[in-house]
Amino acid sequence: MTASGKTDDVEITACTNGPLLVRGEIDLRSADGEPIEQVRNTVALCRCGVSAIKPFCDGTHKLINFKA
């Protein structure tokens, strides 16, 4: 466990042509450094850059045929 009370067990999986799935408690911040509340233990982070809910994935990568 870290000083912030979060566990050290974090797993990141790059989905084929899709988001990064992050499992575990993380310190997620906006581009301005503001904390983003983590509501779930697993979050999908956008890699295509087109999501309407960045930094989270909204599935748009499928519509634009994103390839990673």
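As shown above, the structure is provided for reference.
Note that the structure is a prediction, hence the values are computed from the model and not measured.

Visitor: Is there a simple way to think about empty space enclosed by the protein in this case?
Guide: Over the atoms a probe the size of a water molecule is rolled, and this reveals where empty space is left. Evaluated as defined, the whole model comprises 1 cavity of 30 Å³ or more. Forming the boundary of the largest cavity are Gly18, Pro19, Cys46, Arg47, Cys48, Cys57, His61 and Phe66. Looking at the lining of the largest cavity, its residues break down into 5 nonpolar, 2 polar and 1 charged.

Visitor: Where do I start with the nonpolar core in this structure?
Guide: A general tendency of soluble globular proteins is for nonpolar side chains to be buried together. Listed in full, the 5 residues of the largest apolar core are Val22, Ile26, Leu28, Val43 and Leu45. For valine 22, the contacting residues outside a window of four places in its chain are Val10, Glu11, Ile12, Asn41, Thr42, Val43 and Leu45.

Visitor: Would you mind showing me how to read the environment of phenylalanine 56 here?
Guide: Along the chain, phenylalanine 56 turns up in the loop between β3 (42-45) and α1 (60-63). When its relative accessible area of 24% is taken as the criterion, phenylalanine 56 is described as partly exposed. Considering only alpha carbons, one finds phenylalanine 56 and valine 43, 13 residues apart in sequence, at a separation of 7.3 Å. Contacts of phenylalanine 56, omitting those with residues within four sequence positions, involve Leu28, Ile36, Val43, Ala44, Leu45, Cys46 and Ser51.

Definitions and limits used
Residues numbered from 1 in each chain as written. Predicted model: local features only at pLDDT ≥ 70, side-chain atom pairs only at ≥ 80, totals over all residues. Heavy atoms only, no water. 1 Å grid on protein atoms, 1.4 Å probe; cavity = no way out; pocket = protein on both sides within 12 Å on 5 of 7 lines; lining within 4 Å. Points joined across faces, edges and corners; volume = space filled by probe spheres on them. Nonpolar A, V, L, I, M, F, W, Y, C, P; charged D, E, K, R; others polar. Core = buried A, V, L, I, M, F, W, Y, C linked by side-chain atoms within 4.5 Å. Buried < 20%, exposed > 50% of the residue type's maximum accessible area, 1.4 Å probe, protein only. Contact = heavy atoms within 4.5 Å. Helix = DSSP H or I, 4+ residues; strand = E, 2+ residues; numbered from the N terminus.

Read these as layout, nothing more, since geometry by itself doesn't imply function.
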